[in-house]
Amino acid sequence: MDANTIDIIGKRSDGGLDLVIVMDKMIDDSPEDQEILLDKIENYMGYVGGVEFKKEFPTVVKDNVNIKLIMPCQPSEGFVLWLKKIDSWVKENGLSFIFVTK
């Protein structure tokens, strides 16, 4: 997982966007893996607040953007609890956070 790239940008029928993070393997509970995911999410939020985003998507408002995490399998309970904390952090920054499994 590269923290400095956006994996997929999907336009939704409601006029919003999904910024997708695709995990090809489950990360573990190691601080290093969690740090990479947090950095990637933070970069996504920075992109939405930046000039480039406004140029590319001038009609999309921040509160109609989802950061969507696609995981290869069902995460552990502990990981889900951690993702719920991420959800709160992303919402505090005006976006939505969704996590799903393939």
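Quick look at the structure, then. (Residues numbered from 1 in each chain as written. Predicted model: local features only at pLDDT ≥ 70, side-chain atom pairs only at ≥ 80, totals over all residues. Heavy atoms only, no water.)

**Thoughts on the side chain of Asp18**
And step 1. In this fold, Asp18 is placed in strand β2 (residues 17–22).
And step 2. With relative accessibility at 13%, the residue Asp18 sits in the buried group.
And step 3. Polar side-chain contacts of Asp18 include one of 2.9 Å to the side chain of Asn66.
And step 4. Beyond its immediate sequence surroundings of up to four residues, Asp18 is in contact with Ile8, Ile9, Gly10, Arg12, Asn66 and Lys68. (Helix = DSSP H or I, 4+ residues; strand = E, 2+ residues; numbered from the N terminus. Buried < 20%, exposed > 50% of the residue type's maximum accessible area, 1.4 Å probe, protein only. Polar contact = N/O pair within 3.5 Å; in protein donor to acceptor, adjacent residues only side chain to side chain. Contact = heavy atoms within 4.5 Å.)

**Some points on the packing of aromatic side chains**
And step 1. Per the stated rule, a full pass over the model turns up four aromatic pairs.
And step 2. Centre to centre, the rings of Phe79 and Trp82 are 5.4 Å apart; their planes meet at 45 degrees, and the pair counts as tilted. Linking Phe79 with Trp82, this pair stays in helix α3 (residues 77–92), spanning three residues, or about one helical turn.
And step 3. A residue is classified by how much of its surface remains accessible, and Phe79, at 2% relative accessible area, is buried.
And step 4. You can call Trp82 buried: its relative accessible area is 16%. (Phe/Tyr/Trp six-rings, centres within 6.5 Å; stacked < 30°, edge-to-face > 60°.)

**Focus: the packing of helix α1 (residues 31–48) against α3**
And step 1. For the pair α1 and α3, interaxial distance at closest approach is 12 Å and the crossing angle is 25 degrees. By the criterion of interaxial angle, the relationship of α1 to α3 is roughly parallel. Between α1 and α3 lies a crossing whose hand is right-handed. In this structure, α1 contributes Gln34, Leu37, Leu38, Ile41, Glu42 and Met45 to the contact, and α3 contributes Phe79, Trp82, Leu83, Ile86, Trp89 and Val90.
And step 2. Of the residues that constitute the contact of α1 with α3, the class distribution is 10 nonpolar, one polar and one charged. (Axes fitted to C-alpha atoms, helices over the stretch in contact; angles between N-to-C directions. Parallel < 35°, antiparallel > 145°, perpendicular 65-115°, else oblique. Left-handed = near helix turned anticlockwise from the far one by under 90°. Nonpolar A, V, L, I, M, F, W, Y, C, P; charged D, E, K, R; others polar.)

**Points about the pairing of β2**
Remark: a regular strand shows side chains that alternate across the two faces of the sheet.
And step 1. Burial analysis of β2 places five of its six residues in the buried class, the great majority of the element.
And step 2. Summarising the sheet, strand β1 (residues 8–11) and β2 pair through four bridges and their orientation is antiparallel. The residue of β2 that forms the bridge with Lys11 is Leu17.
And step 3. In textbook terms, the turn of a hairpin is the stretch between consecutive antiparallel strands, and for β1 and β2 this stretch comprises five residues, one of which, Gly15, has a positive phi near 95 degrees.
And step 4. Two elements, β2 and strand β3 (residues 65–71), share six bridges in a ladder whose sense is parallel. Across the sheet, Leu17 pairs through a bridge with Val65, a residue of β3. (Pairing = 2+ DSSP bridges.)

**Digging into α3**
And step 1. Here α3 spans 23 Å end to end across 16 residues, near enough to the 22 Å set by a 1.5 Å rise per residue.
And step 2. All buried positions along α3 are accounted for by Phe79, Val80, Trp82, Leu83, Ile86, Asp87 and Val90. Seen along its axis, α3 keeps its buried residues to an arc of 160 degrees; they face one direction. What points out from α3, more than 90 degrees from its buried face, is the exposed set Glu77, Leu81, Lys85, Lys91 and Glu92.
And step 3. Where α3 is buried, its residues contact α1, β3 and β4 (96–101). (Expected span 1.5 Å × (residues − 1). Arc of directions from axis to C-beta.)

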